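A closer look at the structure
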Amino acid sequence: MNQVFALENFSRKAFSQASPRRGSMMLSMRDVWRQRLQRAEALAARGDSMSQLLAFYAALLRVQLRLYAHLRASHNGAPSGALEQDLPALGSELRPALLAIAQAAPDALATAGQQLGDAGQAAIEDALLSFWYAPSDRLFYPKALLQPYAQWLAEAGITPRGRELARTDNRCPFCGGVPQLSVLHVADDSPAAGGGRKLQCATCLTEWPFRRVLCAHCGEEDERKLAYFHSAAFDHLRVDACDTCQHYLKSVDLTRLGIAVPLVDEVAGAPLDIWAREHGYTKIELNLVGL
Ligand SMILES: [Zn+2]
Ligand SMILES: [Zn+2]
């Protein structure tokens, strides 16, 4: 896979060297799951080296959209915020959802999904509860199945109960989750500008403001230790890396591509993850395609 992902002219940039851009376009928050799915389908249809990966992500988003629609239509009323109590709202949808994802997944992941599906409803619910109280980006299926639930909670403004995760600036103010990615909303990259950057939670997908020149993992704020890497092949994406903790996350720059859907475009930038890993950086949170 690596040669397909070969990148040239990768350049390291200091924050103060960035060139300002114009043309920011806000994405509508309505129908946001459908928008993600449509973006993944459009990118998969390009027929390039990312197509297979994006076709899988589109299949996954299709299942998540169904779960989300099911939760919204739930006759049990509003969620309680305690996953044990809210699980019945997902109930019979869980196993078919899991198996549908497994069917579209790459081999190793497909096997793991099939095994969890075969273990039955109680085992699936146990896996979801374990993830909920001790999240890990290695727990692929629980994360995939619970994102729609977590976003449902966030939209309903029902704080998750019993999920005692650290509350720090680099954690989601709603659920305590770690960031999946960063989004740039305004063009000015100068440290003085400070704003225009948000982090997006990997669990409930909430966005929250976060300073531009600040490591989202260790809190490093020394400009000399922080840089971003940009390749012309992915003009609206960049790798925000920290030389203090050697962690990174990707940023999606909406001022460069207003039609980008951060969660999906982050996945489509998989070659940047391969590049970052090869250069000794560890991702703060793996995405749902495992990169
Ligand atoms: Zn969150
Ligand atoms: Zn750091």
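Computed from a prediction, not measured in an experiment: that's the story for all the values here. (Residues numbered from 1 in each chain as written. Chains lettered and ligands numbered in written order. Predicted model: local features only at pLDDT ≥ 70, side-chain atom pairs only at ≥ 80, totals over all residues. Heavy atoms only, no water.)

Our focus in this paragraph is the coordination of the zinc ion (ligand 1). When four donors bind a metal tetrahedrally, each ideal donor-metal-donor angle is 109.5 degrees, and when six bind octahedrally, the ideal angles are 90 or 180 degrees. At the metal site, the zinc ion (ligand 1) is ligated by C172 (SG), C175 (SG), C201 (SG) and C204 (SG), and these contacts range over 2.2 to 2.4 Å. Coordination at the zinc ion (ligand 1) comes from four donor atoms whose angles at the metal span 98 to 116°, giving a geometry best classed as tetrahedral. Counting along the primary sequence, the residues that act as donors to the zinc ion (ligand 1) give the motif C-x2-C-x25-C-x2-C. Here C204 lies in the loop between strand 3 (197-201) and strand 4 (207-209) and C172 lies in the loop between helix 7 (140-156) and strand 2 (179-184), a separation of 32 residues in the sequence. With relative accessibility at 0%, the residue C172 sits in the buried group. (Donors = N, O, S within 2.8 Å, 3.2 Å for Na, K, Ca; no water. Tetrahedral: all angles 85-135°; square planar, octahedral: opposite > 155°, others 65-115°. Helix = DSSP H or I, 4+ residues; strand = E, 2+ residues; numbered from the N terminus. Buried < 20%, exposed > 50% of the residue type's maximum accessible area, 1.4 Å probe, protein only.)

Among the nonpolar cores identified, the biggest contains 84 residues, and Y57, I101, L145 and Y149 are the most heavily contacted of them. If one sorts the elements of this core by residue count, helix 2 (residues 51-72) sits on top with twelve residues. Discounting chain neighbours no more than four positions away, the residues touching Y149 are L71, G81, A82, L83, D86, L90 and W132. Ranked by size, the runner-up nonpolar core spans five residues in total, among them V213, C215, C242 and C245. (Core = buried A, V, L, I, M, F, W, Y, C linked by side-chain atoms within 4.5 Å. Contact = heavy atoms within 4.5 Å.)

All right, on to the packing of helix 4 (residues 94-104) against helix 6 (residues 121-133) then. Viewed as axis vectors pointing N to C, helix 4 and helix 6 meet at an angle of 80°, and their least axial separation amounts to 10 Å. It follows from the interaxial angle that helix 4 and helix 6 lie roughly perpendicular. Only Q121, I124, E125 and L128 of helix 6 make contact with helix 4, whose side of the interface consists of L94, R95 and L98. Among the residues forming the contact of helix 4 with helix 6, the class breakdown is four nonpolar, one polar and two charged. (Axes fitted to C-alpha atoms, helices over the stretch in contact; angles between N-to-C directions. Parallel < 35°, antiparallel > 145°, perpendicular 65-115°, else oblique. Nonpolar A, V, L, I, M, F, W, Y, C, P; charged D, E, K, R; others polar.)

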